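# Summary of the model geometry
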Amino acid sequence: MAVRKKRCVAMLLAGGQGSRLGVLTKYRAKPAVPFGGKYKIIDFPLSNCANSGIDTVGVLTQYQPLELNTYIGTGAPWDLDSSTGGAFVLPPYMKATSGEWYSGTANAIYQNMYFVDRYDPQLLLVLSGDHIYKMDYRRLIAFHEKNQADCTIAVMRVPMSEASRFGILNTDADLRVVEFDEKPAQPKNDLASMGIYVFTWQRLREFLIADDQDENSSHDFGKNVLPAMLNAGCRMFAYPFDGYWKDVGTAQSLWESNMELLEPDPAIALSDESWRIYARSANEPPHYIGPTAEVSSSLISEGCEVYGKVENSVLFSGVTVEAGALVKDSVVMSGTKVASGAQVQRSIIDENCRIREGALVGDGENLTVLGSDVQVEPEAKVKPGDWIAPKSVIAKGGE
């Protein structure tokens, strides 16, 4: 079937296992982790594409893809279901003679070159599905074209104490990249890659083919393809970004980012009409705050029923907090019920948990995490700092 030529196609890498999130990614890919009361992490890059006028997005899934694939569907919530483009889920697949998992970020794009070639784009935008941020990709693309670049990498300053976690770039006065170190033990500066790239497609295509033929390559952009392009003399530039960007790859960073939404002037405004973050709606009735409820500095999503006390917390759809219960400094995901007399403090509670009468979860000091479908029995205590696997039952007296 003939398709319309595109100036730019986006490829969103959404296959991450997210092992540092522990029990929260037991049954879901990291980009499918809930965030902010009604969103998932992947809503942010998908919304950025929609707001930036990029209407053709390939979503590359691999680990625990069911929830993510179902959630994306046809791409309608992000207006990515047009007849000339759309959101396309691209899992690994069996070819005529063989099949294989994506072995790295570059290999994931290589295995889907046919998809990109169908649209014959000038540019390929490569994104990660792991971060919370707002970015106008049109500015990034304009910067790339102005510099006649082969590759442009979005970058931002990070604390030197964290720089070894990132790809670190050294540039000249014109922001042309002269050196790229992937997660260096001794970083030379604090200019870090955000994992957001714009490539001139035909140039990248050559390097993807060469990388696939290299038996010693780990087929990764940061480790292999970007250094190869730099060594070959390609024009590579750094695009500075100074907005909010958060890698929510750990439970602690996920909790912190949710708590930042509760500040009087949050660093990332979800209510900004000029740059909406779209999501698939839970289609629940309006939330209800009962006559005995006390709610302060919290996000309460649709379908919630609150009769107890909620302080500085994020409640996803369909959460119930009974009279006499306390939820404080916590993230409580969809379908969870907190019974009368129970207390939840400084915790992340995954979906469909049951916190029974008088149970205690967390202590307000160390982050406690419950996986999905956990039952904490009446008067039981979950020790501060514990990570409880999905479908566990915590009996009275602890574990």
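Summarised in this report is the structure supplied together with it. (Residues numbered from 1 in each chain as written. Predicted model: local features only at pLDDT ≥ 70, side-chain atom pairs only at ≥ 80, totals over all residues. Heavy atoms only, no water.)

The subject of this paragraph is the overall build of the chain. The helix and strand tally for the chain stands at eight helices and 32 strands. A globule of 399 residues ought to have a C-alpha radius of gyration of about 21 Å, and the chain, at 22 Å, matches this closely. Its C-alpha atoms put the chain at 65 × 50 × 45 Å along the principal axes. Sorting the 399 residues of the chain into buried and exposed places 54% on the buried side. Contacts spanning at least 24 positions in sequence make up 53% of the contacts within the chain whose residues lie at least 6 apart. Working note: accessible area of the chain is about 17200 Å², and carbon and sulfur atoms make up 47% of it. (Helix = DSSP H or I, 4+ residues; strand = E, 2+ residues; numbered from the N terminus. Rg over C-alpha atoms; globule rule 2.2 N^0.38 Å. Buried < 20%, exposed > 50% of the residue type's maximum accessible area, 1.4 Å probe, protein only. Contact = heavy atoms within 4.5 Å. Areas by Shrake-Rupley, 256 points an atom, 1.4 Å probe, with all protein chains shown as cover.)

Moving on: the sheet that holds strand β20 (residues 320–321). Reading across from one edge, β14-β17-β20-β23-β26-β29-β32 is the order of the seven strands in this open sheet, with parallel pairing throughout. At either end of the open sheet lies a strand with only one pairing partner, and these are β14 (288–289) and β32 (393–394). As judged from the two bridges shared by β20 and strand β23 (residues 337–338), these two strands associate in the parallel manner. Note on β23: the bridge partner recorded for T320 is K337. (Pairing = 2+ DSSP bridges.)

Turning to the packing of aromatic side chains, a few remarks are in order. Taken as a whole, this structure holds 11 aromatic pairs when the rule is applied. Considering the side-chain rings of Y197 and F199, the 5.8 Å spacing of their centres and the 50 degrees angle between planes classify their relative orientation as tilted. The exposure class of Y197 is buried, given its relative accessible area of 9%. For the ring pair Y197 and F221, a centre distance of 5.5 Å and an interplane angle of 45 degrees mean the geometry is tilted. Of this pair, Y197 sits in strand β11 (residues 191–200) while F221 sits in helix α7 (residues 221–231), and the two are 24 residues apart along the sequence. Here Y197 matches F221 in class, with each residue buried. (Phe/Tyr/Trp six-rings, centres within 6.5 Å; stacked < 30°, edge-to-face > 60°.)

This next bit is on the sheet that holds strand β31 (residues 387–388). Sheet strands pair by backbone hydrogen bonding; their relative direction is either parallel or antiparallel. Strands sit in the order β16-β19-β22-β25-β28-β31 across an open sheet of six strands; the sheet is parallel. Strand pairing shows two members of the sheet lacking a second neighbour, β16 (299–300) and β31, which therefore form its edges. Taken strand by strand, helix α8 (residues 251–260) contacts β19 (314–315), β22 (331–332), β25 (347–349), β28 (368–370) and β31, and its axis lies near 95 degrees from that of β25. (Axes fitted to C-alpha atoms, helices over the stretch in contact; angles between N-to-C directions.)

Time to look at the side chain of S317. Relative to the helices and strands, S317 resides in the loop between β19 and β20. Once residues lying within four places of it in the same chain are set aside, the contact partners of S317 are G37, A282, E284, S301, E302, C304, S334 and G335.

Bringing the side chain of S52 into the picture now. Relative to the elements of secondary structure, S52 occurs in the loop between α1 (43–51) and β4 (56–60). Of the residues examined, S52 reaches a relative accessible area of 5% and is grouped as buried. If we ignore the near neighbours within four places in the chain, the residues touching S52 are M135, D136, Y137, R138 and W275.

Take the pattern of salt bridges next. Applying the stated rule across the entire model yields 19 salt bridges. Across the salt bridge formed by K309 and E311, the nearest N and O atoms sit 3.2 Å from each other. Salt bridges sharing common partners tie together K30, D130, E162, R165 and D247. (Salt bridge = Lys/Arg side-chain N within 4 Å of Asp/Glu carboxyl O.)

Another point: α8. Counting buried residues in α8 gives seven out of 10 residues, a clear majority hidden from the surface. Listing the buried residues of α8 in full gives A251, S253, L254, W255, S257, N258 and M259.

This part takes up unusual backbone geometry. We note that H219 has phi near 60 degrees; this positive angle belongs to a residue other than glycine. The class of H219 is buried, set by a relative accessible area of 13%.

Take the environment of E182 next. One can find E182 in strand β10 (residues 177–182). Each C-alpha atom, one on E182 and one on L169, is 8.7 Å from the other, the two residues being 13 residues apart in sequence. If near-sequence neighbours (up to four positions away) are discounted, E182 is found in contact with F166, G167, D220, G222 and K223.

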